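If you want the building blocks of each chain, they are given just below.
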Amino acid sequence: MTQDEMKQAVAKAAIEYIEAGTIVGVGTGSTANFFIDELAKIKHKIDGTVASSEASAERLKGHGIEVFDLNSVSEIAVYVDGADESNKFLHLIKGGGGALTREKIVAAASKKFICIADESKLVDVMGKFPLPIEVIPMARSLVAREIIKQIGGEPVLREGFTTDNGNIILDVHNLEIMEPTRIEQILNNITGVVTNGLFAIKPATVLLLGTQDGVKTIT
Ligand code: 5RP
């Protein structure tokens, strides 16, 4: 099976978690795109969606799926999204596509977070994938210095990229994240940081992992 076939398999498996008559939270990225395409097949069964990026909102609307503003929705039953890395505790690194802030918000508003990923994303120790941090532009240098002082690593500006919220991304290279929850808390406390890409304080509920032997469910 190719990586794309594994992504497609987990996207299909995630449909099992969607309940009729509910609002679905939808993530961002290539795996989430496969999920959107699967969701289109059952669109008549759901009440609508909340999207974690402009790109996903556009793809959903292209399928004729209703996209609500989060402020007009009282509850999201399930959020489905990919990840750049996951450990066995379902702590995640997200934000490779730069949508981490809206992803964390929609995940926070959802009762369950179903993470969908191919097997390359499961790691023992997180940090090989550079950790994305969304930062208010004027705080770029301050935040970079504080990151080096407080957690180490090498923050690198994502060149030519602006988030849906008008901010920049620093990708922190060369980290070995042994305590994801503690690192997430430290980064949350740096002035100028909007969101960091660690999803450990509120991890995924379920990880659907695409492997050569089929989809594995990790809880
Ligand atoms: C976007 C994300 C994505 O979920 C993450 O980058 C995984 O992407 P893909 O499914 O394309 O591998 O966090 O901000």
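Sequence order as written defines the numbering, with residues in each chain counted from 1. In keeping with the model being predicted, local features are shown solely for residues with a pLDDT of at least 70 and side-chain atom pairs are shown and tallied solely at 80 or more, while totals for entire chains, interfaces and linings include all residues. Side-chain metrics rest on all non-hydrogen atoms present in the structure, leaving aside hydrogens and water.

Some words on the overall build of the protein
Phase 1 of the analysis: What counts as a helix is a DSSP run of H or I of at least four residues, what counts as a strand is a run of E of at least two, and both are numbered from the N terminus. A tally of regular secondary structure across the protein gives six helices and 13 strands.
Phase 2 of the analysis: Taken over the C-alpha trace, the protein has a radius of gyration of 17 Å; the compact-globule value for 219 residues is 17 Å, and the two agree within 12%.
Phase 3 of the analysis: A principal-axis box enclosing the C-alpha atoms of the protein has dimensions of 50 × 40 × 30 Å.
Phase 4 of the analysis: Counting contacts in the protein only where the partners sit at least 6 residues apart, residues at least 24 apart contribute 72% of the total. The atom set for the radius of gyration is the C-alpha atoms, and the globule formula is 2.2 Å times the number of residues raised to the power 0.38. Contacts are residue-level and defined by heavy atoms, with any inter-residue pair within 4.5 Å sufficient.

Quick word on the site of the ligand
Phase 1 of the analysis: Nearness is judged by heavy atoms alone; a residue qualifies as near a molecule or strand once a single heavy atom is within 4 Å of it. Neighbouring the ligand are 17 residues, the closest being Ser30, Thr31, Asp84, Gly95 and Lys121.
Phase 2 of the analysis: Think of a polar contact as two N or O atoms within 3.5 Å of one another; within protein, one of them needs to be a possible hydrogen donor and the other a possible acceptor, and neighboring residues in sequence only count if both atoms come from side chains. A distance of 3.1 Å is found between an oxygen atom of the ligand and a side-chain nitrogen or oxygen belonging to Glu103.
Phase 3 of the analysis: Using the Shrake-Rupley algorithm and a 1.4 Å probe, accessible areas are obtained, with residue cover drawn only from the displayed protein chains. Protein contacts shield 91% of the accessible area of the ligand, which totals 380 Å² for the unbound molecule.
Phase 4 of the analysis: Under the scheme applied here, ten amino acids are nonpolar (Ala, Val, Leu, Ile, Met, Phe, Trp, Tyr, Cys and Pro), four are charged (Asp, Glu, Lys and Arg), and all others, including Gly, are polar. Across the shell around the ligand, the residue classes break down as two nonpolar, nine polar and six charged.

What to know about the sheet that holds strand E1 (residues 23–26)
Phase 1 of the analysis: On the basis of which strands lie adjacent, the open sheet formed by six strands has the order E2-E1-E3-E6-E12-E13 and mixed pairing. At either end of the open sheet lies a strand with only one pairing partner, and these are strand E2 (48–51) and strand E13 (214–218). Going from strand to strand, the sheet's axes swing by 20° on average, the running direction of each strand aside.
Phase 2 of the analysis: Across three bridges, the pairing between E1 and strand E3 (residues 76–81) is parallel. Strands were regarded as paired on the criterion that DSSP finds at least two bridges between them. Angular values range over 0 to 180 degrees, each being the angle between N-to-C directions of two axes fitted as lines to C-alpha atoms, with helices fitted over their stretch in contact.

Looking at the pairing of strand E12 (residues 206–211)
Phase 1 of the analysis: Think of it in three bands: residues with accessible area under 20% of the maximum for their type are buried, residues over 50% are exposed, and the middle band is partly exposed, with areas taken using a 1.4 Å probe on protein chains only. Burial analysis of E12 places six of its six residues in the buried class, which makes it a mostly covered element.
Phase 2 of the analysis: Taking every second residue as pointing to the same face, both faces of E12 are buried, with Val206, Leu208 and Gly210 on one and Leu207, Leu209 and Thr211 on the other.
Phase 3 of the analysis: Judged from the five bridges that link them, strand E6 (residues 110–118) and E12 form a sheet pairing that is parallel. Within E12, the position partnered with Ala117 by the bridge is Leu209.
Phase 4 of the analysis: Where E12 meets E13, five bridges bridge the pair, whose relative direction is antiparallel. Residue pairing across strands places Leu208 opposite Thr217, the latter belonging to E13.
Phase 5 of the analysis: Counted between consecutive antiparallel strands, the loop separating E12 from E13 contains two residues.

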